[in-house]
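Below, each chain spelled out in residue letters.
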Amino acid sequence: MKEKTCRASKVIKTGRVFPQDTNNHDTLFGGKLMRDIDDVASISAARHCRTECVTASTDSVDFLHPIRQTDSVCLESHVSSTGRSSMEVFVKVIAEDLLTGERRLAATSFLTFVALDDKGKTAPVPPVVPESEEEKYLFDTAPERISVRKKSREQSRKLAAILTDLKPWDDQPEQS
């Protein structure tokens, strides 16, 4: 399978912050930003593997600075690392004050996507080749994130094994 550059999966999406997008602090709803992050990341993953793919996890979303109504929001994403059928996608969020031109890193995020074949089974993905210093740093530090991700997945499975799907009002023991 032929390798692809990070640049080949690059997605850039810029938008405005409107009143309906803000919370009671007059800053962008975190959930709105998370939706936009997943949106651009899914496009990067699909561009890289050119198959159907699904979000396996949102590994982190770090909100670094608030995004205000006077800001534009620029999301940049690309595949930063690959496994056999998985892709780590990095998303960088830049807020720009449209009145002053000041730009600031507002958030970063890592997500994992899995490529699927036409039968819905995992499909192999091409290796990724970083070019810029930023891409090389993300690529080189990916093994540590992958290790943390695996441990977190194990903990989630253990937790899931003890959780119930009972309705909260039905989980009382039967009275005799």
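Heads up: the structure comes first, above all this text.
Residues numbered from 1 in each chain as written. Predicted model: local features only at pLDDT ≥ 70, side-chain atom pairs only at ≥ 80, totals over all residues. Heavy atoms only, no water.

Its identity as a non-glycine residue notwithstanding, Asp26 has a phi of 60°, on the positive side. Checked against the element boundaries, Asp26 lands in the loop between strand S2 (11–16) and helix H1 (30–49). Although it is not a glycine, Arg50 sits at a positive phi angle of roughly 55°. As for its position among the elements, Arg50 is in the loop between H1 and strand S3 (52–63). (Helix = DSSP H or I, 4+ residues; strand = E, 2+ residues; numbered from the N terminus.)

Take the packing of aromatic side chains next. Applying the stated rule across the entire model yields 1 aromatic pair. Judged by centre distance (5.1 Å) and plane angle (45°), the rings of Phe90 and Phe110 are tilted. In this pair, Phe90 sits in strand S5 (residues 86–97) while Phe110 sits in strand S6 (residues 103–116), placing the two residues 20 residues apart along the sequence. The class for Phe90 is buried, based on a relative accessible area of 7%. (Phe/Tyr/Trp six-rings, centres within 6.5 Å; stacked < 30°, edge-to-face > 60°. Buried < 20%, exposed > 50% of the residue type's maximum accessible area, 1.4 Å probe, protein only.)

Bringing the pattern of salt bridges into the picture now. Within this structure, the stated rule accounts for 12 salt bridges. Residue Asp71 is joined to Arg104 by a salt bridge in which the shortest nitrogen-to-oxygen separation is 2.5 Å. You can see Asp71 sitting in strand S4 (residues 71–82) and its partner Arg104 sitting in strand S6, a full 33 residues away along the chain. Note that Lys92 and Glu76 form a salt bridge whose closest N and O atoms lie 3.9 Å from each other. Taken together, the positions of Lys92 in strand S5 and Glu76 in strand S4 put the pair 16 residues apart, joining distant regions of the chain. In this pair, the class of Lys92 matches that of Glu76, namely buried. Put simply, Lys10, Glu76, Lys92 and Glu134 are held in one network by salt bridges that share partners. (Salt bridge = Lys/Arg side-chain N within 4 Å of Asp/Glu carboxyl O.)

Another point: H1. For H1, built from 20 residues, the straight-helix expectation of 28 Å at 1.5 Å per residue is met to within 8% by its first-to-last C-alpha distance of 29 Å. All buried positions along H1 are accounted for by Leu33, Asp36, Ile37, Val40, Ala41, Ser44, Ala45, His48 and Cys49. Immediately beyond the C-terminal end of H1, within one or two residues, lies Arg50, with a positive phi of roughly 55°. (Expected span 1.5 Å × (residues − 1).)

In this section: the nonpolar core. Grouped together as the largest cluster of nonpolar side chains are 29 residues, with contacts concentrated most on Leu33, Ile67, Met87, Val91 and Val93. Of all the elements in the fold, those that place two or more residues in this core are H1, S3, S4, S5 and S6. The greatest single-element share of this core, amounting to 6 residues, is contributed by H1. In this view, Ile67 contacts Val17, Asp26, Thr27, Leu28, Leu33, Val73, Val93, Ala95, Arg104 and Ala106; residues no more than four positions away in its chain are not counted. (Core = buried A, V, L, I, M, F, W, Y, C linked by side-chain atoms within 4.5 Å. Contact = heavy atoms within 4.5 Å.)

Attention now moves to the side chain of Ser109. Relative to the helices and strands, Ser109 is located in strand S6. Here Ser109 falls in the buried class, since its relative accessible area comes to 0%. Polar contacts involving the side chain of Ser109 include one to the main-chain carbonyl oxygen of Ser60, which spans 2.6 Å. What Ser109 contacts, discounting residues up to four positions off in sequence, is Ile37, Thr58, Ser60, Val61, Val89, Phe90 and Val91. (Polar contact = N/O pair within 3.5 Å; in protein donor to acceptor, adjacent residues only side chain to side chain.)

What follows is about the sheet that holds S6. Spatial strand order, S2-S4-S5-S6-S3: 5 strands in an open sheet with antiparallel pairing. Since the sheet does not close on itself, it has two edges, and those belong to S2 and S3, each with one partner. Taken over all neighbouring pairs, the strand axes of this sheet differ in orientation by 20° on average, direction set aside. Sheet analysis places S4 next to S5, joined by 11 bridges and oriented antiparallel. When the sheet's bridge partners are listed, Ser81 is paired in S5 with Glu88. Most of the contacts of H1 go to S4, to which it runs at about 40°, and overall it touches S2, S3, S4, S5 and S6. The strands that helix H3 (residues 142–162) touches are S3, S4, S5 and S6; relative to S5, the one it contacts most, it runs at about 105°. (Pairing = 2+ DSSP bridges. Axes fitted to C-alpha atoms, helices over the stretch in contact; angles between N-to-C directions.)

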